[in-house]
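# Structural overview
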Amino acid sequence: MDNNPIRLILTDFDGTLVDTRMANALAYIQTLREIGIEISVEEYLKHYFGMRCNEFMLRMGIEDPTERERLRLRKIELYPTYFDTLRLNEPLWNFCQSFRQQGGKVWIVSTGSRANIDNVIRHLGLEAGVDGILSGLEIERPKPAPDCFLEVMRQQGCTPQETLIFEDSPVGLAAAAASGAPYFKVSFEE
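The notes below deal with the structure included here. (Residues numbered from 1 in each chain as written. Predicted model: local features only at pLDDT ≥ 70, side-chain atom pairs only at ≥ 80, totals over all residues. Heavy atoms only, no water.)

### Considerations on the pattern of salt bridges
Basically, it comes down to this: Here, a salt bridge means any Lys or Arg side-chain nitrogen found within 4 Å of an Asp or Glu carboxyl oxygen. Secondary structure counts use DSSP, requiring at least four H or I residues in a row for a helix and at least two E residues in a row for a strand, with both numbered from the N terminus. Exposed residues in this analysis have more than 50% of their type's maximum accessible area, buried residues have under 20%, and partly exposed residues fall in between, with area computed by a 1.4 Å probe over protein chains only.
According to the stated counting rule, one finds 16 salt bridges in the structure shown. Among the ionic pairs, glutamate 55 bridges to arginine 59, the shortest N-O distance being 2.9 Å. Within this pair, glutamate 55 and its partner arginine 59 are both found in helix H3 (residues 53-59), separated by 4 residues, close to a single helical turn. Judged by relative accessible area, which is 35%, glutamate 55 ranks as partly exposed. Two residues, glutamate 138 and arginine 114, come together in a salt bridge whose shortest N-O distance is 3.9 Å.

Laid out in C-alpha cells, this is it:
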C-alpha cells in the first residue's frame with residue numbers, strides 16, 4: 001500500500017484545463033495587426049502558443065519594453081472578445097472536483113497571465129472550484145524549470161509523491177518530470 005496518498009493536484013491552465021488556443025491566437029493576431037504585424041492562427045498555434053507574452057513579443061521583433069507591456073495589456077483587453085471559442089476540459093474538471101470533495105487540494109499552475117486566467121475562470125464560472133493559482137509572473141524561473149510546481153507543493157506542505165500534475169506542453173511536461181511528481185499528459189481532441 002502507498003504511504004503517500006495524493007493530496008494535491010496541480011494542473012496547467014491553457015491547453016490543459018481549458019482549451020484557450022483559439023482565443024489566445026485571435027487576441028494576439030488582432031493586437032499585432034494593430035501595429036502592422038501579420039501572423040496566422042496556424043503559425044501562432046504551431047510556434048508560439050504557451051510562450052510567455054514577453055518572449056513572444058520579442059520573437060515578433062518588438063524590442064521596446066514599454067511597447068511590449070502596452071501590447072500585453074492590449075491583448076488582455078481583447079482576450080474576452082474571443083471567449084466564445086473556449087472549451088473546458090470537462091473530464092479533468094470533474095475529476096478535480098471529485099478529488100476536492102474527498103479533501104484534496106487543486107491548484108492551477110500556469111505560465112499564463114493571472115489577469116487572463118482570472119478572466120477565463122470568471123467567464124466559465126469556475127472560481128469556487130480551485131484552491132489556488134500560481135501564474136507566470138509569480139515565479140522567477142518559468143517552465144521547463146520545476147520551480148512553479150515545487151513552490152505550490154511547498155505552500156501546501158506536500159511532497160512530490162503526494163502530488164499529481166496535469167500538463168499539455170513539452171515545457172510543462174519537462175517541468176512536471178523535473179519536479180519528481182507523477183504526471184499525465186493532456187491533449188484536447190480536435
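### Notes on helix H1 (residues 21-33)
Applicable threshold: A helix is expected to span 1.5 Å for every residue after the first. For this analysis, residues touch if any pair of their heavy atoms sits within 4.5 Å.
When the terminal C-alpha atoms of H1 are compared, their 18 Å separation across 13 residues agrees well with the 18 Å that a helix rising 1.5 Å per residue should span. Within H1, the full set of buried residues consists of Ala23, Asn24, Ala25, Ala27, Tyr28, Ile29, Thr31 and Leu32. Of the surrounding elements, those touching the buried residues of H1 are helix H2 (41-47), H3 and helix H4 (65-78).

### Some details on unusual backbone geometry
Following lysine 143, the chain continues to proline 144 via a peptide bond in cis, the omega torsion being 20°. Relative to the assigned elements, proline 144 resides in the loop between strand S5 (132-134) and helix H7 (147-156).

### Thoughts on the packing of H7 against helix H8 (residues 170-179)
Note the cut-off: Here an axis means a line fitted to C-alpha atoms, over the contact stretch when the element is a helix, while the angle between two N-to-C directions is reported on a 0 to 180 degree scale. Throughout, the term roughly parallel applies to angles under 35 degrees, roughly antiparallel to angles over 145, roughly perpendicular to angles from 65 to 115, and oblique to all others. Three classes are used, and their members are as follows: Ala, Val, Leu, Ile, Met, Phe, Trp, Tyr, Cys and Pro are nonpolar, Asp, Glu, Lys and Arg are charged, and the others, Gly among them, are polar.
The interhelical angle for the contact between H7 and H8, taken along N-to-C directions, is 45°, at an axis separation of 8 Å. On the basis of the axis angle, H7 is oblique to H8. On H8, the residues that touch Phe149, Leu150 and Met153 of H7 are Gly172, Ala175, Ala176 and Ser179. Split by residue class, the contact of H7 with H8 holds 5 nonpolar, 2 polar and no charged.

### Examining the pairing of strand S6 (residues 163-167)
To be explicit about the condition: Pairing between strands is defined by DSSP: at least two bridges between the two strands are required. The crossover handedness rule: strands pointing away from the viewer, path from first strand over the helix to second strand clockwise, crossover right-handed.
Summarising burial for S6: 5 of the 5 residues are buried, a large majority. Residues Thr163, Ile165 and Glu167 line one face of S6 and the alternating positions Leu164 and Phe166 line the opposite face, and both faces are buried. Bridge count for S6 against strand S7 (residues 183-185) is 3 bridges, and the pairing is parallel. What sits directly across from glutamate 167, in S7, is lysine 185. For the crossover that starts at S6, traverses H8 and ends in the parallel S7, the hand is right-handed.

### Let's talk about the side chain of glutamate 167
Take glutamate 167: it is sitting in strand S6. Apart from the residues lying within four places of it in its own chain, the contact partners of glutamate 167 are Asp12, Thr16, Lys143, Phe149, Gly172, Leu173, Phe184, Lys185 and Val186.

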